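Architecture at a glance
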Amino acid sequence: MDVKIEESWKTALQDEFAKPYFQELAAFVRAEYAHHKIYPPAKLIFNAFNSCPVAEVKVVIIGQDPYHGPGQAHGLCFSVGEQVAMPPSLVNIFKELQDDLGRPFPPHGNLQRWAHQGVLLLNATLTVRAAHAGSHQGKGWEEFTDAAIRVLNGQRENLVFLLWGAYAQRKGEIIDRQRHFVIESPHPSPFAAHRGFFGSKPFSRANDYLVAVGKQPVDW
């Protein structure tokens, strides 16, 4: 199966594309796009990977599902297009960034700039039906994104993993803590942010670690 994804990821994940679960997933996703409104646009399904080749990844942020509202999802977790209102979790991420590093609140919620600096903004599920949160869960995406995490865990060293909330933390259980730096906190959603996301200083801690291992910090 010829999957249109960035070349280093294509090589690293080539065994996955041949597995029955991925063939079934691809057939399901094609049918969904043919008969329903699906987010993100098909050309942006692998945006996180295409923006951040394997060798360039420095930080991994794990999300759960793409946004399911019009114009929101564009293939990067927590991120929205520049003309779209920021969802509450993203607002809280920027509040923490402002408190942590003193950065001014940004004018929009597009995190593509982070991705181009080596921040892999990876949702566990890469597609969703419009207005139906979680509608593409359990179809195979989770197995595929687990494989991507295993690639990074095994092929790279000294990465930072930001695991916000119980779901991301469960998905991150396969990460070797001796090899990588894992920062865990509650989710930035309005329901959980006040239980420890605020004040967790993930951005400065990530940068301090990157500098300590001789890597360029992220300009958050």
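Use the structure listed above.
A brief look at the structure comes next. Just so it is clear, the structure is predicted and the values come from calculations on it, not from any experiment.

Calculation criteria
Residues numbered from 1 in each chain as written. Predicted model: local features only at pLDDT ≥ 70, side-chain atom pairs only at ≥ 80, totals over all residues. Heavy atoms only, no water. Core = buried A, V, L, I, M, F, W, Y, C linked by side-chain atoms within 4.5 Å. Buried < 20%, exposed > 50% of the residue type's maximum accessible area, 1.4 Å probe, protein only. Helix = DSSP H or I, 4+ residues; strand = E, 2+ residues; numbered from the N terminus. Contact = heavy atoms within 4.5 Å. Pairing = 2+ DSSP bridges. Right-handed = clockwise from strand over helix to strand, strands pointing away. 1 Å grid on protein atoms, 1.4 Å probe; cavity = no way out; pocket = protein on both sides within 12 Å on 5 of 7 lines; lining within 4 Å. Points joined across faces, edges and corners; volume = space filled by probe spheres on them. Nonpolar A, V, L, I, M, F, W, Y, C, P; charged D, E, K, R; others polar. Polar contact = N/O pair within 3.5 Å; in protein donor to acceptor, adjacent residues only side chain to side chain. Phe/Tyr/Trp six-rings, centres within 6.5 Å; stacked < 30°, edge-to-face > 60°.

**A closer look at the nonpolar core**
Ranked by size, the top nonpolar core spans 66 residues in total, and within it W9, F49, I61, W114, F144 and W220 carry the most contacts. Of the residues forming this core, the biggest block, seven residues, is contributed by helix α7 (residues 141–155). Other than its neighbours up to four places away in sequence, W9 contacts F49, C52, P53, V54, V57, L120, A148, V151 and L152.

**Brief notes about the pairing of strand β6 (residues 181–185)**
As defined by bridge partners, strand β5 (residues 160–164) adjoins β6 across five bridges and the pair is classed as parallel. Its bridge partner being in β6, L162 is matched across the sheet by I183. Handedness of the crossover joining β5 and β6 through helix α8 (residues 166–171): right-handed.

**What about empty space enclosed by the protein?**
Applying the stated criterion across every chain yields a total of one cavity of 30 Å³ or more. Counted as a void, the largest cavity has a volume near 70 Å³. Lining the largest cavity, in full, are P40, I45, P66, Y67, A73, G75, L76, N123, T125 and L126. Residues belonging to the lining of the largest cavity are distributed by class as follows: seven nonpolar, three polar and no charged.

**Quick look at the environment of H132**
With respect to the secondary-structure elements, H132 resides in the loop between β4 (128–129) and α7. Separated by 65 residues in the primary sequence, H132 and Y67 have C-alpha atoms spaced 9.5 Å apart. A polar contact is formed between the side chain of H132 and the backbone oxygen of A130, at a distance of 2.8 Å.

**Quick word on the pairing of strand β2 (residues 59–63)**
Walk down a regular strand and you will see the side chains alternate between the two sheet faces. Burial analysis of β2 places five of its five residues in the buried class, which makes it a mostly covered element. The alternating pattern of β2 places V59, I61 and G63 and V60 and I62 on opposite faces, both of which are buried. Where β2 meets strand β3 (residues 119–123), five bridges bridge the pair, whose relative direction is parallel. Bridged to I61 within β3 is L121.

**Quick notes on the packing of aromatic side chains**
The description of two aromatic rings rests on the distance between their centres and on the angle between their planes. Across all of its chains, the model carries 20 aromatic pairs by this definition. With a centroid separation of 6.0 Å and 65° between ring planes, the pair formed by F46 and F144 is classed as edge-to-face. Highlighted residues: F46 in the loop between β1 (38–39) and α4 (47–50) and F144 in helix α7, separated in sequence by 98 residues. Note on F144: relative accessible area 0%, which makes it buried. Judged by centre distance (5.2 Å) and plane angle (80°), the ring pair of W164 and F197 falls under edge-to-face. Note that W164 is positioned in strand β5 and F197 in the loop between β6 and α9 (202–212), a separation of 33 residues in sequence. The exposure class of W164 is buried, given its relative accessible area of 2%. The structure contains a cluster of three or more aromatic residues connected by ring pairs, namely F78, F94, F105, W114, W164, F197, F198, F203 and W220.

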